[in-house]
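The primary structure of each chain is shown beneath.
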2 protein chains.
Amino acid sequence: MTAIDTSRLPVAVDAMGGDKAPAEIVAGAIRARDELGVPVVLVGRPEELGDTHGLEVIPASEVIAMDADPGKSVRTMKDSSLVRAAEAVRDGKACAMVSAGNTGATMASALLRMKRVPGAARPAIATPIPCPGADIPTVLLDAGANAECSAEWLVQFAQMGAVYARHRYGIAAPKVGLLSIGEEPTKGNSLVKETHALLAEGSWIGSTGAEFVGNVEGRDIMSPDLDVVVTDGFTGNVVLKTLEGGMRALVRAILASFGTNAETKAAGDVLLPALLPLYGQLDPDNTGGAMLLGLNGVCIISHGSSSATAVVNAVKVATEMVDADLVGAVARTIRPEPAE
Amino acid sequence: MTAIDTSRLPVAVDAMGGDKAPAEIVAGAIRARDELGVPVVLVGRPEELGDTHGLEVIPASEVIAMDADPGKSVRTMKDSSLVRAAEAVRDGKACAMVSAGNTGATMASALLRMKRVPGAARPAIATPIPCPGADIPTVLLDAGANAECSAEWLVQFAQMGAVYARHRYGIAAPKVGLLSIGEEPTKGNSLVKETHALLAEGSWIGSTGAEFVGNVEGRDIMSPDLDVVVTDGFTGNVVLKTLEGGMRALVRAILASFGTNAETKAAGDVLLPALLPLYGQLDPDNTGGAMLLGLNGVCIISHGSSSATAVVNAVKVATEMVDADLVGAVARTIRPEPAE
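Residues numbered from 1 in each chain as written. Chains lettered and ligands numbered in written order. Predicted model: local features only at pLDDT ≥ 70, side-chain atom pairs only at ≥ 80, totals over all residues.

Draft legend 1. A look at the sheet that holds strand E5 (residues 124–129) of chain B. Residues and elements named next belong to chain B. Across the sheet, which stays open at both edges, the 11 strands sit in the order E3-E2-E1-E4-E11-E10-E5-E6-E9-E7-E8 with mixed pairing between neighbours. Of all strands in the sheet, those with a lone pairing partner are strand E3 (56–59) and strand E8 (211–216), marking the two edges. Going from strand to strand, the sheet's axes swing by 25° on average, the running direction of each strand aside. Pairing analysis gives four bridges linking strand E2 (residues 40–44) to E3, with the strands arranged parallel. Among the inter-strand pairings, Val43 is bridged to a residue of E3, identified as Ile58. The sheet strands contacting helix H1 (residues 23–36) are strand E1 (11–14) and E2, and the helix crosses E2 at an angle near 165°. Helix H7 (residues 233–258) contacts E5, strand E6 (138–141) and strand E7 (175–179) of the sheet and is inclined by roughly 135° relative to E6. (Pairing = 2+ DSSP bridges. Helix = DSSP H or I, 4+ residues; strand = E, 2+ residues; numbered from the N terminus. Axes fitted to C-alpha atoms, helices over the stretch in contact; angles between N-to-C directions. Contact = placed C-beta atoms within 7 Å.)

Draft legend 2. Quick look at H1 of chain B. Residues and elements named next belong to chain B. Between its first and last C-alpha, H1 extends 20 Å over 14 residues, near the 20 Å set by a 1.5 Å rise per residue. Within H1, burial applies to Ile25, Val26, Gly28, Ala29, Ile30, Ala32, Arg33 and Leu36. Residues of H1 that are buried make contact with E1, E2 and helix H9 (308–323). At the C-terminal side of H1, Gly37 shows a positive phi close to 70°. (Expected span 1.5 Å × (residues − 1). Buried ≥ 20, exposed ≤ 12 C-beta atoms within 10 Å, placed from the backbone.)

Draft legend 3. Here's a closer look at the relation of the copies chain B and chain A. Expressed as a screw operation, the relation of chain B to chain A combines 0.0 Å of axial shift with a rotation of 180°, fitting to an RMSD of 0.0 Å. The relationship between the two copies is best expressed as a two-fold rotation axis. Judged by C-alpha distance, Ala267 of chain B is the residue of chain B that lies nearest the rotation axis, at 2.2 Å. Looking at chain B, 100% of its interface residues are interface residues in chain A too, so the copies touch through the same face. (Least-squares fit on C-alpha atoms with pLDDT ≥ 70 in both.)

Draft legend 4. Spotlight on the domain arrangement of chain A. All names here are of chain A. Domain annotation of chain A identifies domain 1 (1–119 + 294–340) and domain 2 (121–285). For domain 1 and domain 2, the distance between their C-alpha centres works out to 24 Å. Each partner contributes residues to the interface: domain 1 has 21 residues there, and domain 2 has 18 residues. For the side of domain 1 that touches domain 2, the secondary-structure elements that each account for two or more residues are helix H4 (103–114), helix H9 (308–323) and helix H10 (326–334). With five residues, H10 is the largest single contributor of residues to the side of domain 1 that touches domain 2. (Domains from an automatic or database assignment.)

Draft legend 5. Geometry of the nonpolar core. With 235 residues, the main nonpolar core has Val13, Ala96 and Val315 of chain A together with Val13 and Val315 of chain B as its most contacted residues. Setting aside anything within four residues of it in sequence, one finds Val315 of chain A in contact with Val11, Val13, Ala32, Leu36, Val38, Val40 and Val98 of chain A. (Core = buried A, V, L, I, M, F, W, Y, C linked by C-beta atoms within 7 Å.)

Draft legend 6. Layout of the interface of chain B and chain A. Contacts between chain B and chain A engage 48 residues on the former and 48 residues on the latter. At the level of secondary structure, the elements contributing two or more residues to the side of chain B that touches chain A comprise H7 and helix H8 (262–282) of chain B. Here the side of chain B that touches chain A gets 21 residues from one element, more than from any other, and that element is H7 of chain B.

Draft legend 7. Structural context of the pairing of strand E5 (residues 124–129) of chain A. Residues and elements named next belong to chain A. Here E5 lies mainly inside the structure; five of its six residues are buried. The pairing of E5 with strand E10 (residues 290–293) spans three bridges and is classified as antiparallel. Each bridged residue has a counterpart across the sheet, and for Ile125 the counterpart in E10 is Leu292.

Draft legend 8. Focus on the packing of helix H5 (residues 151–169) of chain B against helix H6 (residues 190–201) of chain B. All names here are of chain B. Where H5 contacts H6, the two axes come as close as 9 Å, and the packing angle between them is 50°. In this view, H5 runs oblique relative to H6, as classed from their interaxial angle. For H5 against H6, the interelement crossing comes out right-handed. Two secondary-structure elements touch here, H5 through Ala151, Leu154, Val155 and Ala158 and H6 through Leu191, Glu194, Thr195, Leu198 and Leu199. By residue class, the composition of the contact of H5 with H6 is seven nonpolar, one polar and one charged. (Parallel < 35°, antiparallel > 145°, perpendicular 65-115°, else oblique. Left-handed = near helix turned anticlockwise from the far one by under 90°. Nonpolar A, V, L, I, M, F, W, Y, C, P; charged D, E, K, R; others polar.)

Here it is, written out as structure tokens:
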């Protein structure tokens, strides 16, 4: 067990959010404290959390269901674990929040309680897309926060995505692509064409160090040559779920082929250990979750079926992003300080 | 060699279109005639086609490059193989056209020469998406013809997709889903919400026998439970290329895992034959190509790197769709005959 750095503010973990809440979430929060040595506070119904191994609990009597209407539930359920977790960040009682609950409600809670950084038009969900066989994923944003976007918002997403790629993955000059249906600037819908012109003009780059590589296509997302892919939240969410479904269907079919006969079964047993690193890389529990960018606080959205391991990884990323002052960096990029 | 049914009109194959044109295309056209027993005519520069094994050639002196501007090239290159192939269908010299060339130019040639069936607002590209391990693919449309769509067009795409699923795959009651970012009717962008209301209302179904299953998500596309997925051409093309890229990246990483050491190499050699059926199912050469729906003629778009096998499969699908009078069925569905 690592010593706990009590000089830090805790990370607030929504104990009630996720398909496996509260048991797996609580287990993950305890492990996060013990393995990472950072303080963690749970938010939820104390009587439902079992033995928290000494973790403090911010009580919240309500639970926003995974399929509840986000806007309505956040407005009416003021004592929900999600709203209380976001308030803990706003009030300086926690340095960041993590939830595996209702994505829309997580976003709404964080937006309403933490607010945006000055100048940020809209928050965006930045999701790491693993590139099979490569170390560093591609950051896709917006992965679902805004079903409809303007070109100006997409330019801000490019800025925020570049800052995130630098702080999260240490990429000094992130390669940023605009998702379209052809590489030429004339390809795409009107939103993409307008955005391409703004991104190509280049004044958005500022201190991000980013390089705009132009339009990219769906097949480039998993390429290790690309660091950030910018798109609207409708297309981004469709892409994310298409990849999830496609990968799962393919892996299932491959495993089924392994079972063809006794000989292939034996060969499959030999190969499975060699496939484990790839499997681990594609496991969403290991990505550290998606990050809401543009808010005045760190909010990590972990996937709905998060295990304890997913919670540990999300707390780890949250801590790193707090230490790196990602929020400050986003704010300075979007609204640069006037030159002296 | 199968006897050739000379009572049929030939399928016109654009000999100049595709990364491997003309050699692979000509080889595929010869094989299609010999293996399927249907007449085939090549369209292109006779002097560049080599030995055509007796296939007739419709001469065309110009070639539209793979990366040429579609609208401009079709307007200015009237003696191009693509334009001449579409004219052969229009003029009753061929029953269908097949091209592995510039997709946009194929669509523009077919649209300008064959025209739309009465009432069809826009042609759509219908692409079969293989469902790993299942026999019948999911038809995705529009896979890229229209970067911007109206809700009314998407309703026609649902009709045309259902007719296609029935004629191509024999599905009597095709399950049609609308691609969105959540299953609830309130989820999605404004185009999807408007389209959902029109599709749910149901008067479009007519004689298609289709069932509207509501919004579907990216992860459902490769599900064998779904027959047709409707979306705008921007989202559809992004989805198509995302799946292509994702599958390729995953397969490459899996094969790399096989090479970890001598033991896994040996196991991989045992497993590769068991994986071949899956590999074959995902190989775009085997899908028979994408089909342009809504035109007054059969036009198959084969993928750019088509091999001879891809051409054979495209000619086969073209022939089947002519025999099934797909064009007539689409026309009757979109604009039903008035009741007596």
